[in-house]
Amino acid sequence: MTPATKPIRRIATEEAFSIPEVAAALRDVARSPSVSQDLILVQRIYDAKVDDVQARLLPRLLDLEKERMRDMDENGVAMHLLSLTAPGVQMFDADTATELAAIANDKLGAVVKKHPKRFAGLASFAPQSPKRAVKEMERAITKLKLNGFIVNSHTNNEYFDYPKFFPILEAAEALDACIYIHPRAASDLMAAPFRDYGLDSAQWGYGIEVSTHAVRMMVSGVFDRFPKLKICIGHMGEAVQFWLWRLDYMNKNAQNRGSAPKTKLTPSEYFKRNFVITTSGQESHLALDFSIKALGIDNVLWAIDYPYQPSGPAVAFMDSAPVSATEREKLYHGNAERIFHIEPA
Ligand code: VNL
Ligand code: MN
């Protein structure tokens, strides 16, 4: 008799969900005038016509225990690290955003508690009101036992290097909770060239928005102030690791001419110390190999990007990745367990 081999534990780390309350508020946003480029996607998903091919996304975002769990079982996915899908609560006014984040976190906390082997969760908060955000962050980690935070890049066109957000970064560092910076559409003054050809979202605009956010944090000195802060970015690091040499070189020039503040470390040093990346929606072995070599095997985590991308190919991509068995364990679950405080199986 051959001993049964233990199946590898696959923890997918950028898996989207929504709740009816947020979906209804986003439908209102879809019907209101706004210059935000997020409106393209918000109208497509939350105010879709019945014949819209994307219309099936919303029921799949709202479902946790039925089709999603079936999909996980069929593809050998042990766990989804869930996050309220982009743009989260960041298009609402501060009061609505604060209230909806708490409702989403309560629901997330409940489903994680009910299925502790199948779900973990990243908590939302409203950066529109940093003070109340900090309270919700503390509640989400200490009371709801959630695993970190999700933020969908800029809030009202402002980025985490703005001092108004420092209390949020300070809280995340103190709570030892990683902030996953997920994309949303580019901020208003950057968005114009992304309006055509479907470039607003996952095809291109999302990556430019989040990579710019990450670079702003590194070169502004945020990580000298918060040296233990952990940030996670998806989509194979939004290509930041490919840029590190040039970032280091040109940041030094910018520092020398006084355009950028002096920092203790270089961008590449911050990126390796303060960031981890996930493979969400980016299934290229070449890009994975480069990322592991550039950042180290401990800094790369697997993700699917459910329900925006199918689970089967994401599993096949990582099952067949040209890495050792030990490395695959880290990519599939070891790194996620460490970064997001998920109990090892
Ligand atoms: C898409 C892909 C949207 C991944 C997402 O968030 C995402 C998309 C709104 O293809 O529209 O996380
Ligand atoms: Mn995503």
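Report follows, based on the coordinates. (Residues numbered from 1 in each chain as written. Chains lettered and ligands numbered in written order. Predicted model: local features only at pLDDT ≥ 70, side-chain atom pairs only at ≥ 80, totals over all residues. Heavy atoms only, no water.)

### Quick word on the nonpolar core
Part 1 of the argument: Ranked by internal contacts, the top residues of the largest apolar core, which has 93 residues, are F149, I179, L229 and I233.
Part 2 of the argument: When residues in this core are grouped by element, the largest group, seven residues, is from helix α5 (residues 94-114).
Part 3 of the argument: Counting residues in each nonpolar core, the second largest holds 15 residues, with I150, V276, A336 and I339 among its members. (Core = buried A, V, L, I, M, F, W, Y, C linked by side-chain atoms within 4.5 Å. Buried < 20%, exposed > 50% of the residue type's maximum accessible area, 1.4 Å probe, protein only. Helix = DSSP H or I, 4+ residues; strand = E, 2+ residues; numbered from the N terminus.)

### What about a nonpolar patch on the surface?
Part 1 of the argument: On the surface, F242, W243 and F290 cluster together into a nonpolar patch covering about 370 Å² of accessible area.
Part 2 of the argument: Note that W243 resides in the loop between β6 (231-233) and α10 (244-256).
Part 3 of the argument: Residue classification places W243 among the partly exposed residues on the basis of a relative accessible area of 49%. (Patch = residues over 30% accessible without salt bridge, like charges linked within 9 Å, V, L, I, M, F, W, Y side chains within 5 Å. Areas by Shrake-Rupley, 256 points an atom, 1.4 Å probe, with all protein chains shown as cover. Salt bridge = Lys/Arg side-chain N within 4 Å of Asp/Glu carboxyl O.)

### Some words on the pattern of salt bridges
Part 1 of the argument: Tallying each qualifying case throughout the model produces 17 salt bridges.
Part 2 of the argument: Note that D161 is salt-bridged to R216, the shortest N-O span being 2.8 Å. Of this pair, D161 sits in the loop between β4 (148-151) and α7 (166-174) while R216 sits in helix α8 (residues 205-220), and the two are 55 residues apart along the sequence.
Part 3 of the argument: Look at R216 and you get partly exposed, because its relative accessible area is 32%.
Part 4 of the argument: Via salt bridges that share partners, R56, R60 and E67 belong to a single interconnected network.

### As for the coordination of the manganese ion (ligand 2)
For a metal with four tetrahedral donors the ideal donor-metal-donor angle is 109.5 degrees, while six octahedral donors give ideal angles of 90 or 180 degrees.
Part 1 of the argument: Protein ligation of the manganese ion (ligand 2) involves E14 (OE), H182 (NE2) and D305 (OD), the donor distances falling in the range 1.9 to 2.2 Å.
Part 2 of the argument: Sequence spacing of the donor residues for the manganese ion (ligand 2), all on one chain, is E-x167-H-x122-D. A residue pair is termed long-range when its members are at least 10 positions apart, and H182 in the loop between β5 (179-181) and α8 and D305 in the loop between β8 (300-301) and α13 (311-319) qualify at 123 residues.
Part 3 of the argument: According to the relative accessible area criterion, H182 is buried, its value standing at 10%. (Donors = N, O, S within 2.8 Å, 3.2 Å for Na, K, Ca; no water.)

### What about the pairing of β4?
Part 1 of the argument: Judged by which residues are buried, β4 turns out to be covered on both faces: G148 and I150 on one side and F149 and V151 on the other are all buried.
Part 2 of the argument: Where strand β3 (residues 119-123) lies against β4, two bridges are found, and the strand directions are parallel. Within the sheet, the bridge partner assigned to A123 lies in β4 and is F149.
Part 3 of the argument: A crossover links β4 with its parallel partner β5, the connecting element being α7, and its sense is right-handed. (Pairing = 2+ DSSP bridges. Right-handed = clockwise from strand over helix to strand, strands pointing away.)

### What about α10?
Part 1 of the argument: Here α10 spans 18 Å end to end across 13 residues, near enough to the 18 Å set by a 1.5 Å rise per residue.
Part 2 of the argument: Inspection of α10 places L244, L247, N251, A254 and Q255 among the buried residues, and these make up the whole buried set. All buried residues of α10 project into a common sector of 95° when viewed along the axis, lining one side. More than 90 degrees from the buried face of α10, the exposed residues found are W245, K252 and N256.
Part 3 of the argument: In this fold, the buried residues of α10 make contact with α8, α11 (267-274) and α12 (285-295).
Part 4 of the argument: At the exit of α10 stands G258, carrying a positive phi of roughly 85°. (Expected span 1.5 Å × (residues − 1). Arc of directions from axis to C-beta. Contact = heavy atoms within 4.5 Å.)

### Some words on unusual backbone geometry
Part 1 of the argument: A86 connects to P87 through a cis peptide bond whose omega is 5°.
Part 2 of the argument: You will see that K145, though not glycine, has its phi angle at about 60°, which is positive.
Part 3 of the argument: The phi angle at D176 is positive, at roughly 55°, despite the residue not being glycine.
Part 4 of the argument: On the secondary structure map, D176 appears in the loop between α7 and β5.
Part 5 of the argument: Classification of D176 by relative accessible area gives partly exposed; the value is 47%.

### So, the packing of aromatic side chains
Part 1 of the argument: As enumerated under the stated definition, the model contains nine aromatic pairs in all.
Part 2 of the argument: Seen in terms of ring centroids, F125 and F149 are 5.6 Å apart; in terms of plane orientation they differ by 75°. Their pairing is edge-to-face. Of this pair, F125 sits in the loop between β3 and α6 (130-142) while F149 sits in strand β4, placing them 24 residues apart in sequence. A single burial state applies to F125 and to F149, both of which are buried.
Part 3 of the argument: Here the aromatic residues F223, Y270, F271 and F275 are joined through ring pairs into a cluster of three or more. (Phe/Tyr/Trp six-rings, centres within 6.5 Å; stacked < 30°, edge-to-face > 60°.)

### Here we look at α13
Part 1 of the argument: Considered for burial, the residues of α13 that qualify are S311, A314, V315, F317 and M318. Along α13, the residues classed as buried sweep out an arc of 155° about the axis, all on the same side.
Part 2 of the argument: Each element contacted by the buried residues of α13 is listed here: α4 (67-74), α12 and α14 (325-340).

### Describing the site of ligand 1
Part 1 of the argument: Neighbouring ligand 1 are the residues E14, L41, R44, T85, A86, H182, A202, Y206, D305 and Y308.
Part 2 of the argument: Take R44: an N or O atom from its side chain is 3.3 Å from an oxygen atom of ligand 1.
Part 3 of the argument: Contact distances for ligand 1 include 3.3 Å between an oxygen atom and a side-chain N or O atom of D305.
Part 4 of the argument: In the complex, 89% of the free accessible area of ligand 1, which totals 320 Å², lies under the protein chains.
Part 5 of the argument: For the shell around ligand 1, the per-class residue count stands at five nonpolar, two polar and three charged. (Near = heavy atom within 4 Å. Polar contact = N/O pair within 3.5 Å; in protein donor to acceptor, adjacent residues only side chain to side chain. Nonpolar A, V, L, I, M, F, W, Y, C, P; charged D, E, K, R; others polar.)

### What about the side chain of Q255?
Part 1 of the argument: Secondary-structure assignment places Q255 in helix α10.
Part 2 of the argument: For Q255, the side chain forms a polar contact with the main-chain oxygen of P261, separated by 3.2 Å.
Part 3 of the argument: Residues contacting Q255, with those up to four places away along its chain left out, are A260, P261, K262 and T263.

Just geometry here; none of it tells us what the structure is for.
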